[in-house]
Amino acid sequence: MKLIFVLALALHVYVTNTAGYNYKEVLQKSLLFYEAQRSGKLPADQRVTWRKDSALNDKGVNGEDLTGGYYDAGDCVKFGFQMSFTVTVLAWGLLDHEAGYKAAGVVEDTRKAIKWGTDYFLKAHVSENVFYAQVGSGYIDHQYWVRPEDLTMERPAYMVNVTNPGSDLAAETAAALAASYLVFKDVNATYANILLTHAKQLYNFAYKNRGKYTDAFADVRCCYNSSGYEDELIWGAAWLYRATKDKTYLTYVEEVYPTIQYYIGFNWDQKIGGADVLLAKLTGDSKYLTKTKNYCDNMIENQQRTPKGLIFIAEWGSLMTTAYLMEICLEAAALGANAEKYRAEAKKQIDYMVGSTGFSYVVGFGSKYPLHVHHRAASCPNPPAKCDWTQFSSTEPNPHVLTGALVGGPGADDDYTDVRSDYVHNEVATYYNSGFQTVVATLIELGYSD
Ligand SMILES: *[C@@H]1O[C@H](CO)[C@@H](O)[C@H](O)[C@H]1NC(C)=O
Ligand SMILES: *[C@@H]1O[C@H](CO)[C@@H](O)[C@H](O)[C@H]1NC(C)=O
Ligand SMILES: *[C@@H]1O[C@H](CO)[C@@H](O)[C@H](O)[C@H]1NC(C)=O
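Residues numbered from 1 in each chain as written. Chains lettered and ligands numbered in written order. Predicted model: local features only at pLDDT ≥ 70, side-chain atom pairs only at ≥ 80, totals over all residues. Heavy atoms only, no water.

Examining the nonpolar core
The condition that has to hold: Residues belong to a common nonpolar core when they are buried Ala, Val, Leu, Ile, Met, Phe, Trp, Tyr or Cys residues joined through side-chain atoms within 4.5 Å. Partly exposed residues are those whose accessible area sits between 20% and 50% of the maximum for their type, while under 20% is buried and over 50% is exposed, using a 1.4 Å probe and protein chains only. Any pair of residues with heavy atoms lying within 4.5 Å of one another is described as a contacting pair.
Counting residues in hydrophobic clusters, the biggest one holds 146 residues, and the most contacted among them are Tyr203, Leu402 and Phe436. For leucine 402, the contacting residues outside a window of four places in its chain are Phe33, Ala36, Gln37, Trp50, Val363, Val373, His375, Ala378 and Val428. Within the second largest apolar cluster, six residues are counted, among which are Ala55, Tyr71, Leu151 and Met153.

Topic: the layout of surface pockets
Here is the rule: Whether a set of points on the 1 Å grid over the protein atoms alone is a cavity depends on a 1.4 Å probe fitting there but being unable to get out, while an open set qualifies as a pocket with protein on both sides within 12 Å along at least five of seven lines; lining residues are those with an atom within 4 Å of a point. Grid points are joined across faces, edges and corners, and a volume is the space filled by probe spheres set on the points. A helix here means a DSSP run of H or I that spans at least four residues, while a strand means a run of E at least two residues long, and both kinds are numbered starting from the N terminus. Charged residues are taken to be Asp, Glu, Lys and Arg, nonpolar residues to be Ala, Val, Leu, Ile, Met, Phe, Trp, Tyr, Cys and Pro, and polar residues to be all remaining types, Gly included.
Computed from the structure, the largest pocket encloses a volume of approximately 790 Å³. Lining of the largest pocket is provided by 37 residues; of these, Cys223, Tyr224, Trp316, Tyr431 and Tyr432 occupy positions nearest its centre. Elements represented by at least two residues in the lining of the largest pocket include exactly helix 13 (286–302), helix 14 (318–334), helix 17 (389–393) and helix 19 (430–445). Partitioning the lining of the largest pocket into residue classes produces 25 nonpolar, eight polar and four charged.

Overview of helix 8 (residues 189–208)
Put simply, the test is: Multiplying 1.5 Å by the helix residue count minus one yields the expected span of that helix. Pairs of N or O atoms are called polar contacts if they sit within 3.5 Å, as long as, within protein, a hydrogen donor faces a hydrogen acceptor (for residues adjacent in sequence, only side-chain-to-side-chain pairs).
In a regular helix each residue adds 1.5 Å, so 20 residues correspond to 28 Å; helix 8 covers 28 Å between its end C-alpha atoms and thus fits that length. Within the sequence span of helix 8, burial applies to Tyr191, Ala192, Leu195, Leu196, His198, Ala199, Leu202, Tyr203, Phe205, Ala206 and Tyr207. Each element contacted by the buried residues of helix 8 is listed here: helix 5 (107–124), strand 2 (131–135), strand 3 (157–160), helix 7 (167–184), helix 10 (230–244) and helix 11 (248–256). By the N-cap criterion, in which a side-chain oxygen at the helix start approaches the backbone nitrogen of a residue two or three places on, helix 8 is capped by asparagine 188, the distance to threonine 190 being 3.1 Å.

With respect to the confidence of the model for the protein
Let me state the cut-off plainly: pLDDT measures how confident the predictor is about each residue, on a scale from 0 to 100.
Of all residues in the protein, 96% have pLDDT values of 70 or greater, and the mean over the chain is 95. Every residue in residues 5–17 scores below 50 in pLDDT, and together they form zero contacts with partners more than four places removed in sequence or on other chains.

So, the state of the cysteines
Convention followed: Defined by distance alone, a disulfide is two cysteine sulfur atoms within 2.5 Å.
This structure, assessed with the given rule, holds three disulfides. Disulfide pairing is shown between cysteine 222 and cysteine 223; the S-S distance is 2.1 Å. Torsion about the S-S bond of the cysteine 222 and cysteine 223 cystine: about -110°, corresponding to left-handed handedness. For cysteine 222, a relative accessible area of 28% corresponds to the partly exposed category. Assessed through its relative accessible area of 28%, cysteine 223 is described here as partly exposed.

Section: the site of ligand 1
Formally: To be near a molecule or strand, a residue needs just one of its heavy atoms within 4 Å of it. Accessible surface area values rest on a Shrake-Rupley calculation with a 1.4 Å probe, where residue burial reflects the displayed protein chains alone.
As a matter of local geometry, ligand 1 sits amid Met159, Asn161, Thr163, Asn164 and Ala216. A distance of 2.4 Å is found between an oxygen atom of ligand 1 and a side-chain nitrogen or oxygen belonging to asparagine 161. Contact with the protein chains hides 48% of the accessible area of ligand 1, taken as 360 Å² for the molecule alone. Tallied by class, residues from the shell around ligand 1 come to two nonpolar, three polar and no charged.

Observations regarding the pattern of salt bridges
The line we're drawing: We count a salt bridge whenever a side-chain nitrogen from Lys or Arg sits within 4 Å of a carboxyl oxygen from Asp or Glu.
Summed over the entire model, instances satisfying the criterion amount to 27 salt bridges. Among the ionic pairs, glutamate 98 bridges to lysine 102, the shortest N-O distance being 3.9 Å. One end of the pair, glutamate 98, and the other, lysine 102, are both in helix 4 (residues 98–104), four residues apart, so they sit about a helical turn from each other. By relative accessible area, glutamate 98 is classed as partly exposed at 29%. On the basis of relative accessibility, which here comes to 57%, the residue lysine 102 falls in the exposed class. Of the charged contacts, one joins lysine 271 and glutamate 232 as a salt bridge, the two residues approaching to 2.9 Å between their closest N and O atoms. Here lysine 271 is found in the loop between helix 11 and helix 12 (272–283), whereas its partner glutamate 232 is found in helix 10, with 39 residues between them in sequence. Residues lysine 271 and glutamate 232 agree in their burial class; the two are buried. Several salt bridges converge on common partners, so that one network encompasses Glu35, Arg47 and Asp109.

Quick notes on the packing of aromatic side chains
Note the threshold: Here the aromatic set is Phe, Tyr and Trp, taking the six-membered ring for Trp, and pairing holds for ring centres within 6.5 Å; pairs whose planes are under 30 degrees apart are stacked, those over 60 apart are edge-to-face, and all others are tilted. Only Lys NZ and Arg CZ are tested; either one counts as a charge over a ring when it is within 6 Å of the ring centre and within 35 degrees of the ring normal.
Enumeration according to the criterion identifies 34 aromatic pairs in this entry. With 5.8 Å between their ring centres and 70° between their planes, tyrosine 34 and tyrosine 70 make a pair best called edge-to-face. Highlighted residues: tyrosine 34 in helix 2 (residues 23–36) and tyrosine 70 in the loop between helix 2 and strand 1 (78–79), separated in sequence by 36 residues. Taking relative accessible area as the criterion, tyrosine 70 reaches 1% and is therefore assigned buried. Both rings, one in tryptophan 389 and one in phenylalanine 392, keep their centres 5.1 Å apart while their planes meet at 80°; by these two values the pair is edge-to-face. Of this pair, tryptophan 389 and phenylalanine 392 both sit in helix 17, three residues apart, which is roughly one turn of that helix. Tryptophan 389 sits in the partly exposed class, given a relative accessible area of 38%. Each residue in the set Phe79, Phe81, Tyr158, Tyr213, Phe217, Tyr224, Trp268, Tyr431 and Tyr432 is aromatic and connected to the rest through ring pairs, giving one cluster. In this arrangement the basic side chain of arginine 210 is found over the ring face of tyrosine 207, its NZ or CZ atom lying 4.6 Å from the centre. Note that lysine 245 overlies the ring of tyrosine 241, its terminal NZ or CZ placed 5.7 Å from the centroid.

See below:
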């Protein structure tokens, strides 16, 4: 009797621990989130129909058409540095984990999500050495709580150029375009080649005109200061090397690498973690994989965790920060570094995000998820109802479900309150989802989805 009980208990624990989540559904929903973030004229096949055309007057200082692209987060600014990073990560994930995307039936949706970004970058790259970095002012936009469809405030456009360069921004966009070239080269070679041409020009601009985009124009200092550009020069060169096989780009990597100061990890500001594991794959040079492995081991073994097991790295956007760590470790696992350990950890961390604590931090996934996400569009009722700070302060759930969005996430004690004003824990962003969905796609590829 006793033995049977113990066995039953053991079986129960086993089943609970390995209970899978439907990651395919998570991935499908994540792509809907990208549709909800679209700016500009929406296409006929738009599935998130509570969003409509918006910001159709976005223009450069000389009247250039800058419509399209993505709103960054819960606001309506088009921040180029975060947008390009988002696209690089989406393209990287689709390239290297297409099997996961195929299994979820979302290869086409993912290409569309990437192209929504790359089409905009092509517009923003108005000449070889002039690239629009941002449309909409963080300082101005954030004073309003209105639908993206009803923007009437001034939406200035900010550029980088040879006198005010932004090597970080230009090299990241070069990375996005080079990775997207690889995504599209067997789909539409004409389009892919256009992307590659712009990637090369932007990299050249970044390499020859050094500077941080944060120093080029002031508006971005509201929100996304860059800590340096050397990591993007390495990362962009690695992607261009992958796209072209031109060894010149590897000489850039070797030249810039020794000049980097203290860079670690992988996020919109820090690219070295991604560059290391990509270079490990492209060059086979063991120094890169060793560095990644040491980083992953150290983070998995020594980094602070919440009581329920989330690796806790940052208060703001805690979940996406951990997802990026897991992405790097899964790439290292694919190259043979501690594969079992990293994969088990990645599954555990993603499960935390999608429901293992009894709550899913992905909107619209599972039975309990955030209802008061800090997101202007989702919080606004359909017109003609007014939308303003009343909706911001309202305790009612968002009238629109921002399906697929990963919110910032809990604090260090698993603490989290589903309240709209809390942008630290309850906002969303295009770059939150890109790393997260890449890890989810990788787990699907590994056969871990229910
Ligand atoms: C170069 O970029 C800076 C920063 O955005 C801008 O202030 C300046 O007007 C630009 N120069 C030209 C010639 O457009
Ligand atoms: C391929 O890309 C080019 C350039 O964007 C475009 O004009 C053309 O319509 C595309 N072809 C197809 C079949 O989508
Ligand atoms: C960015 O840097 C400026 C100083 O150059 C500072 O005033 C501002 O608070 C910083 N912004 C962020 C978001 O860190």
